[in-house]
Amino acid sequence: MSVRIALDIAGLRVRAACGGIATCGACTIQTVKGEFSSFTLSEYQKISAEDRDLGIRLACQLYLHSNAEVFVENPAPESNWKSLDLSTWPAYQYPKPDLNKCPYAVAVDLGTTHIRLSFWDRQQQTRIASRHGNNPQVALGEDVLTRLDVQQKRSEDLQSLTEIVRHAIIEGIRDILARDIGEIKSILDKVGLVNIVGNTAMLALVSGQDGSQLYQPENWENHIPCLPTDLSSWQQSWRMPNAEISVQPALAGFLGSDILADLIAIDIVQHSEPVMMADFGTNTEIALWDGKQLLLTSVPGGPAFEGVGLQNGLCAEEGAIRGVSLGDNSFVLDVIAEQTAKGFCASGFVDAIALLRTNGEIKLSGRFLHPSPDGYLLDKSNPLTAVKAGDIDAFQRAKAATAAAMQQLLELASINLDELSELWICGAFGQHLNLQNAQVSGLIPTMERSKIKLFGNAALSGCEKMLLAPDSEKITEKYRGLIRVVNLSNYTEYDESFINHLRLQPFVRDE
Amino acid sequence: MFDAYIKDYNEAVFEIDKDAALEVVETAIQQGVTPEQVIFNIIIPSIEEMMAEIVENADTNLAQHFLTAQIASEITEKMLAKFTVPPEVIGRVIIGTAYGDLHSLGKRIVIGCLKSMMIDVIDLGVNIKAEDFVDAAVAQDAQVIAISSMMVHTATGEDGSLRVRSILKERDLENQIKLVVGGAPYRFDPELYSKVGADSWAADGVTASKKIKQLILEVKA
């Protein structure tokens, strides 16, 4: 990938206005040391000889041939948006449709904490660019219900909440148009379809509903329509007069259409052997395909799986401990951007628990061998590296809820853990997980590594498939028909199983 | 004479080692302790000690709470089966979660504690309508209805405790059936219970059992 694309993913963005075809000349960058690709013709046209001698290049034309150092003197203003690294995704194999008038389309995965989106030319079947950014609604509360509560308390603010999230989405789209195409208005005119998946609360908000449906017990196991009531003013506010804005309905009270997208992304019903899927987060969703039906449920993950909810928790940001390993006499902390550790993100915390459990500092019950109000400091000189008792507790409850749910679905389908051909871990949380460590504490079941598949951004991929597949409606209908929503509160043995899984030990067959 | 047993038993339960806890109890019985004494002189004091530690500890460990209540409840059941005379039941409680609320685990802890205190519990489960609470209490001759809510809207909503109170009033049952509530929202606002029409509330399982016992005795007096 070009230096520009790499920087877009990293978040230190060069200025850009043409989509990386060297016509705008805005993405100048200075090479400091290392081996680089040669100057291109466009660079000769855009950069003076004097500047070329100083090592000034166009980042969109520049490729690295070794580790290198570059200097961005004039970066783009800080932005909520970064590019997603989708370079490993295989291309979809769909026929090219005939869409001359409005070839552009947008896929949106609207999450509780993040928004992910990609911009497509459906005519050419090419992804022009992708983005992810924070969902500005995070400010209103860390979990979905808090936000719904806020919303219920101030129903007069509903409209503005809806505006906040819609505004965030269009900002992401405009960021792509400005940087990756170089035109905005004329392109917005030609957007024919926006497909939005998300969790139930976000779907309710973005479509301008108050979310009160989620509180109704009769909706917990049923599909929830999320039809926007003000489509034309929505189109207007986005300046997309020709766009069909499609909000994919939630599957049930706590199962959003993001999970439907996950399942479509991994083609789960195409498998001939049993497959399980888990998407960890504030709510953790679990699916089991047994060849005939798709059992689906949701359990509270709480903030433990988001990092931010721990006492010493962070998002995956600079200073976050993303991994822990054992050195000779101490713990080795892998800190993002190699800074002084400021706390744990989820993957680092999972590692810490596994290592402390293995060396006996944390007992089976989750208690410390030597309890201390300060917790256990991985780096004795840095209190922000402390694993706190309360955080272990939150983790235990989250992982027990997940494991017990997996076990319940397996029992309902009369399938043993070792009969699973694959376990898919979708969502951001799984991507950076040390799977062996995750198995030590029973966060994920003990099974061969080759059976475990990681798929970050799966919901966006499923959303893209809905956007591009010619028989997309048929596919979603098929999935909706095969899905059986399991309400775990109907099963008394779930409680028992939850309590058993609180122990910090591997999750093995027939525990 | 029970202190040593309590200490060993507590250690086992704290380490959530059910087998070791059972072994302590079995040893006690072999050494002449009666099943009644096991419950009243070992298990109940031990639960109280544990709850005290859990409550006092700033890093409240809910996982520990669930695990210990589960073990205590199982052992109590085992001991009850060994009682020479059927245990004298103090009274009866109808318990369930509020309509619209599926969170069953808090209720579970309370059930374990109530059983250990010789209070009969009928668990209606989760998502229970107000009418069903009252109908069950009347049919089963219970003195107390206990409603668990883990979400603010199920604690304060029209279909929960408030509705039970108004039915009790309508049917003139307020003197013979008391209403108690519990769950996270009540911990945040200790006055909330009275705003939703309840007679009492408690922050943990042991306190809940004690308050319920007191209410049962008041009704029966």
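Residues numbered from 1 in each chain as written. Chains lettered and ligands numbered in written order. Predicted model: local features only at pLDDT ≥ 70, side-chain atom pairs only at ≥ 80, totals over all residues.

## A look at the overall build of chain A
How we decide: Secondary structure follows DSSP: runs of H or I at least 4 residues long count as helices, runs of E at least 2 residues long count as strands, and numbering of each begins at the N terminus. Taken over C-alpha atoms, the radius of gyration is set against a globule rule of 2.2 Å times the number of residues to the power 0.38. In this scheme every C-beta is placed from the backbone, and a residue whose C-beta has 20 or more other C-beta atoms within 10 Å is buried, one with 12 or fewer is exposed, and one in between is partly exposed. C-beta atoms are first placed from the backbone for all residues, and any pair lying within 7 Å is then listed as a contact.
Regarding its fold elements, chain A presents 16 helices and 19 strands. Taken over C-alpha atoms, the radius of gyration comes to 24 Å for chain A, in line with the 24 Å a tight globule of 511 residues would show. Each principal axis of the C-alpha atoms in chain A carries an extent, and together these give about 70 × 55 × 50 Å. Residues counted as buried form 48% of the 511 residues belonging to chain A. Long-range contacts, defined here as pairs at least 24 residues apart, represent 70% of the contacts in chain A between residues at least 6 apart.

## A closer look at the overall build of chain B
Scanning chain B for helices and strands turns up eleven helices and five strands. At 18 Å, chain B has a C-alpha radius of gyration in line with the 17 Å of a compact globule built from 221 residues. Projected onto its principal axes, the C-alpha coordinates of chain B cover approximately 55 × 40 × 25 Å. The 221 residues of chain B split such that 48% are buried.

## A word on the packing of helix H9 (residues 257–265) of chain A against helix H14 (residues 458–468) of chain A
Residue and element names in this part refer to chain A. Under the convention used in this document: Only the stretch in contact is used when fitting a helix axis, every axis being a line fitted to C-alpha atoms; angles between N-to-C directions are given from 0 to 180 degrees. Roughly parallel here means an angle under 35 degrees, roughly antiparallel means over 145, roughly perpendicular means 65 to 115, and every remaining angle is called oblique. Polar here means any residue outside two lists: the nonpolar Ala, Val, Leu, Ile, Met, Phe, Trp, Tyr, Cys and Pro, and the charged Asp, Glu, Lys and Arg; Gly therefore counts as polar.
It is the contact of H9 with H14, at a shortest axis distance of 7 Å, that shows an interaxial angle of 80 degrees. With respect to each other, H9 and H14 are oriented roughly perpendicular. The segment H9 lies against H14, with Asp-258, Leu-260, Ala-261, Asp-262, Leu-263, Ile-264 and Ala-265 engaging Ala-458, Ala-459, Ser-461, Gly-462, Cys-463, Lys-465 and Met-466. Of the residues in the contact of H9 with H14, the class split is nine nonpolar, two polar and three charged.

## Side note on the interface of chain B and chain A
On the side of chain A, 21 residues touch chain B, which itself brings 23 residues to the contact. Counting only elements with at least two residues in the side of chain B that touches chain A, the list comes to helix H4 (62–82), helix H5 (105–116), strand S2 (120–128) and helix H7 (152–156) of chain B. At six residues, H4 of chain B tops the list of elements feeding residues into the side of chain B that touches chain A. Residue classes in the side of chain B that touches chain A are distributed as twelve nonpolar, eight polar and three charged.

## Points about the domain arrangement of chain B
Residue and element names in this part refer to chain B. Test applied: Where each domain starts and ends comes from a domain assignment, either automatic or drawn from a database.
If you check the domain split of chain B, you get domain 1 (3–82) and domain 2 (92–220). On a C-alpha basis, the centroid separation for the pair domain 1 and domain 2 is 25 Å. Where the side of domain 1 that touches domain 2 is concerned, the elements lending two or more residues are helix H3 (35–56) and H4. Per-class residue counts for the side of domain 1 that touches domain 2 are nine nonpolar, four polar and one charged.

## Notes on the sheet that holds strand S5 (residues 114–121) of chain A
Residue and element names in this part refer to chain A. Filter applied, for reference: Pairing between strands requires that DSSP locate at least two bridges from one strand to the other.
Spatial strand order, S6-S5-S4-S7-S8: five strands in an open sheet with mixed pairing. Pairing within the sheet leaves two strands with one partner each, and these edge strands are strand S6 (126–134) and strand S8 (244–247). Across the sheet, the mean angle separating the axes of adjacent strands is 15 degrees when strand polarity is ignored. For strand S4 (residues 104–110) and S5, the ladder comprises seven bridges, and the chain directions are antiparallel. Along S5, the bridge assignment pairs Val-108 with Leu-117.

## Side note on unusual backbone geometry
Residue and element names in this part refer to chain B. Not every positive phi belongs to a glycine, and Met-118 is a case in point at roughly 70 degrees. With respect to the helices and strands, Met-118 occurs in the loop between H5 and S2. With 19 C-beta atoms packed within 10 Å, Met-118 lands in the partly exposed category. Positive phi is not limited to glycine here, since Asn-127 has a value of about 60 degrees. Mapped onto the elements, Asn-127 comes out in strand S2. The class of Asn-127 is buried, set by 21 C-beta atoms lying within 10 Å.

## Side note on the confidence of the model for chain A
What counts here: Residue-level confidence of the predictor is what pLDDT reports, using numbers from 0 through 100.
Mean pLDDT for chain A: 89, with 91% of residues reaching 70 or above. Predicted confidence in chain A is weakest over helix H4 (residues 144–153) of chain A, with a mean pLDDT of 54, and strongest over S4 of chain A, with 97.

## Comments concerning the pairing of strand S7 (residues 191–198) of chain A
Residues and elements named next belong to chain A. With seven of eight residues buried, S7 lies mostly within the body of the structure. Both S4 and S7 contribute to a ladder of seven bridges, which runs parallel. Paired with Leu-110 across the bridge in S7 is Gly-198. Where S7 and S8 come together, four bridges link them in parallel fashion. Each residue of the ladder has a partner; that of Leu-193, found in S8, is Glu-244.

## Observations regarding the sheet that holds S2 of chain B
Residues and elements named next belong to chain B. Pairing is parallel in the open sheet, where five strands are placed in the order S2-S1-S3-S4-S5. Strands with a single pairing partner mark the edges of an open sheet, and in this sheet they are S2 and strand S5 (200–201). Both strand S3 (residues 144–148) and strand S4 (residues 178–182) contribute to a ladder of five bridges, which runs parallel. Looking across to S4, one finds that Ala-146 is bridged to Val-180.

## Digging into the environment of Leu-62 of chain A
Residue and element names in this part refer to chain A. As for its position among the elements, Leu-62 is in the loop between strand S2 (56–58) and strand S3 (69–71). Along the backbone, Leu-62 and Met-466 are 404 residues apart, and their C-alpha atoms lie at a distance of 35 Å. Not counting the four nearest positions on each side in its chain, Leu-62 is found in contact with Ser-2, Val-3, Ile-29, Phe-36, Ser-37 and Arg-57.

## Things to note about helix H11 (residues 389–412) of chain A
Residues and elements named next belong to chain A. Here is the rule we go by: A helix is expected to span 1.5 Å multiplied by its residue count minus one.
Along its 24 residues, H11 runs 34 Å from first to last C-alpha, staying within 8% of the 34 Å computed at 1.5 Å per residue. In terms of burial, H11 is largely enclosed, as 21 of its 24 residues are buried. Once H11 finishes, Ser-414 follows within two positions and takes phi at roughly 55 degrees, a positive value.

## Looking at the environment of His-153 of chain B
Residues and elements named next belong to chain B. Residue position: His-153 is located in helix H7. What makes His-153 buried here is the crowd of 20 C-beta atoms within 10 Å. Sequence-wise, His-153 and Ala-20 are 133 residues apart; in three dimensions their C-alpha atoms are separated by 42 Å.

## Focus on the confidence of the model for chain B
Interpreting fine coordinate detail is not advised for predicted regions of low pLDDT. When pLDDT is averaged across chain B, the result is 87; 97% of the residues are at 70 or more. The complex prediction reports pTM at 0.83, with the ipTM value standing at 0.73.

## Observations regarding the domain arrangement of chain A
In many analyses, interface size is given as the accessible surface area lost on bringing the parts together. Residues and elements named next belong to chain A. One can read the domain layout of chain A as domain 1 (3–71), domain 2 (104–254) and domain 3 (267–511). Taken residue by residue, the interface counts 24 residues in domain 2 and 19 residues in domain 3. Looking at the side of domain 2 that touches domain 3, the element that brings in the most residues is S4, giving four residues. For the side of domain 2 that touches domain 3, the class distribution of residues is eleven nonpolar, seven polar and six charged.

## Thoughts on the packing of H11 of chain A against helix H16 (residues 492–500) of chain A
Angle between the axes and distance between the axes are the two parameters that describe a pair of packed helices. Residue and element names in this part refer to chain A. For the record, the criterion: Two helices cross in a left-handed way if the nearer one is turned anticlockwise from the farther one by less than a right angle. They cross in a right-handed way if the turn is clockwise.
Relative orientation of the contacting elements H11 and H16 amounts to 135 degrees, with a least axis distance of 8 Å. On the basis of the axis angle, H11 is oblique to H16. In terms of crossing hand, the pair formed by H11 and H16 is right-handed. The residues of H16 that touch H11, namely those facing Ala-400, Ala-401, Ala-404, Gln-407 and Gln-408, are Tyr-494, Ser-497 and Phe-498.

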